[in-house]
Amino acid sequence: MTVTEESTEPLLQRPPAEVRYADELAALRAADDGPRPPGWQMGLRAALRFVVGDEQAGISRKFVGNVSLVERALVTLATNRGLMLVGEPGTAKSLLSELIAAAVSGDSALTVQGGAATTEDQIKYSWNYALLVSEGPSPRSLVPAPMLRGMAEGRIVRFEEITRCPLEVQDCLLSLLSDRVIAIPELDGPEGMVFARQGFNVIATANTRDRGVNEMSAALKRRFNFETVFPIPDFDTELALVEAEATALLKQSGVTAPPRRDVLEVLVGTFRELRGAAERGERMSTVMSTAEAVSVAHAVGVRGWFLRGEPGTAADVVASLAGTAAKDSPEDLARLRRFLEQEVPRRKGGQWRALHDARHLLAD
């Protein structure tokens, strides 16, 4: 949905991928003359171009990562196995699943958000209890959840943070993924069985930091192909991504001044240094991900613009770091202080000096 300046409707903070990139999806579908799996809205090659970009065709790059990872993910979804994306928090697993679902099904909204309170009826189906009491079990009183809708409509279903769910809830997927059918015992006849249509599959995500919380059973793991999404390896690529994402977020927040690149260089450098502290035995309990760096860059720009009418500075980076890097961990706050006091002075450049000079702004 495009909202003009004259529209009285509020702007969406984050439209889904199929809305943000509607023009690109339409162009790719119109030009797609290659083979496509049954039930897909475009072929694998077109879907790959949508995710990783095609500069000549005017398709923007949306996922910064290994192209072969995206290829393998798409191939998996064209088979009868689900796709499991694992990795550290903030490595764009959810973004990748959203982009793929938008390309394959034209809809990324069929999503189950896993958590300790997630129940089986939030995954498969529930009932309209007013109708259930007055009419008894019927298709009219049935309330389909994402899995039932995905199977009935032949679309991709996203299951976020699956390992946050209790094991008994996870295991409700076993027969669903193997037999590709949901049984509704309350309904009689053919209405009591919902068979998956072509195009249905599942993309699940799991954070490696949650490993051991609710470890998936071996039976459920067999129904997925696993792909690991790694952090961005090189500085320049991560800097470009943080700059692009922060610029877009600042524009949405009413900030007209773009972020300063030299400040972003210090910000990204700080995150990469803290991320690499694990190799020196000083692992942060907080994941210093690219997504967190974007959030800090956004806060820095908002702070500078609305408080002083200028782009954010290195001092704003320090003021914004504690809530991201330290959270509520005194140990992480101490590590951050040591970095600002001992490591930053060794870096060359005016913004690094400004970062060191502003170390007193770090919240206690």
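A brief report on the enclosed structure follows. (Residues numbered from 1 in each chain as written. Predicted model: local features only at pLDDT ≥ 70, side-chain atom pairs only at ≥ 80, totals over all residues. Heavy atoms only, no water.)

The subject of this paragraph is the pattern of salt bridges. One pass over the structure, following the stated rule, counts 23 salt bridges. Lysine 124 is paired through a salt bridge with glutamate 120; the nearest N and O atoms lie 3.0 Å apart. In this structure glutamate 120 comes out as partly exposed when scored by relative accessible area, which is 37%. Between arginine 272 and glutamate 238 there is a salt bridge; the shortest N-O distance is 2.5 Å. Placement of the pair is arginine 272 in helix H13 (residues 261-275) and glutamate 238 in helix H12 (residues 235-252), with a sequence separation of 34 residues. According to the relative accessible area criterion, arginine 272 is partly exposed, its value standing at 22%. Through salt bridges with shared partners, a single ionic network connects Asp107, Arg149, Glu153 and Arg155. (Salt bridge = Lys/Arg side-chain N within 4 Å of Asp/Glu carboxyl O. Buried < 20%, exposed > 50% of the residue type's maximum accessible area, 1.4 Å probe, protein only. Helix = DSSP H or I, 4+ residues; strand = E, 2+ residues; numbered from the N terminus.)

Now for the packing of aromatic side chains. Counted according to the given criterion, the structure contains two aromatic pairs. Here tyrosine 21 and phenylalanine 50 contribute two aromatic rings whose centre-to-centre distance is 5.9 Å and whose plane-to-plane angle is 80°, an arrangement assigned as edge-to-face. Taken as a pair, tyrosine 21 in the loop between helix H1 (17-20) and helix H2 (22-31) and phenylalanine 50 in helix H3 (residues 44-52) lie far apart in primary sequence, 29 residues in all. By relative accessible area, phenylalanine 50 is classed as buried at 0%. Considering the side-chain rings of tyrosine 125 and tryptophan 127, the 5.9 Å spacing of their centres and the 85° angle between planes classify their relative orientation as edge-to-face. For the pair shown, tyrosine 125 and tryptophan 127 are each scored as buried. It is lysine 62 that lies over the ring of phenylalanine 50; its NZ or CZ is 4.3 Å from the centre. (Phe/Tyr/Trp six-rings, centres within 6.5 Å; stacked < 30°, edge-to-face > 60°. Lys NZ or Arg CZ within 6 Å of the ring centre and 35° of its normal.)

Attention now goes to the nonpolar core. In this structure, Met147, Phe159, Ile162, Leu173 and Ile184 are the most contacted members of the largest nonpolar core, which totals 32 residues. Of all the elements in the fold, those that place two or more residues in this core are strand S1 (82-87), strand S3 (125-127), helix H8 (146-153), strand S5 (156-160), helix H10 (173-179) and strand S8 (201-207). Here this core gets four residues from one element, more than from any other, and that element is H10. Setting aside its immediate chain neighbours within four residues, methionine 147 contacts Ile123, Lys124, Val157, Phe159, Leu173, Leu176, Ile182, Phe200 and Val202. (Core = buried A, V, L, I, M, F, W, Y, C linked by side-chain atoms within 4.5 Å. Contact = heavy atoms within 4.5 Å.)

Spatially, five strands are ordered S2-S5-S8-S1-S9 in an open sheet, and the strand pairing comes out parallel. Every other strand in the sheet has two partners, leaving strand S2 (111-113) and strand S9 (224-228) as the edge strands with one partner each. On average, each strand axis in the sheet is tilted by 20° relative to the strand beside it, whichever way the strands run. With five bridges connecting them, S1 and S8 associate as parallel partners. The residue bridging methionine 84 from the neighbouring strand is alanine 204, located in S8. In the packing of helix H5 (residues 93-105) onto the sheet, contacts are made with S1, S5 and S8, and the angle to S5 comes to roughly 170°. (Pairing = 2+ DSSP bridges. Axes fitted to C-alpha atoms, helices over the stretch in contact; angles between N-to-C directions.)

This next bit is on the environment of alanine 109. Structurally, the position occupied by alanine 109 is in the loop between H5 and S2. A relative accessible area of 56% places alanine 109 in the exposed class. As for alanine 109 and proline 16, which are separated by 93 residues in sequence, their C-alpha atoms are 7.5 Å apart.

Glancing now at the packing of H13 against helix H17 (residues 350-357). For any two helices packed against each other, one specifies the crossing angle of their axes together with the interaxial distance. In contact at an axis separation of 9 Å, H13 and H17 are set at 65° when each is read in the N-to-C sense. Crossing angle aside, the handedness with which H13 passes H17 is right-handed. Counting all contacts with H13, which are made through Asp262, Val263, Val266, Gly269 and Thr270, the residues of H17 involved are Gln351, Trp352 and Leu355. Looking at side-chain class alone, the contact of H13 with H17 contains four nonpolar, three polar and one charged residues. (Left-handed = near helix turned anticlockwise from the far one by under 90°. Nonpolar A, V, L, I, M, F, W, Y, C, P; charged D, E, K, R; others polar.)

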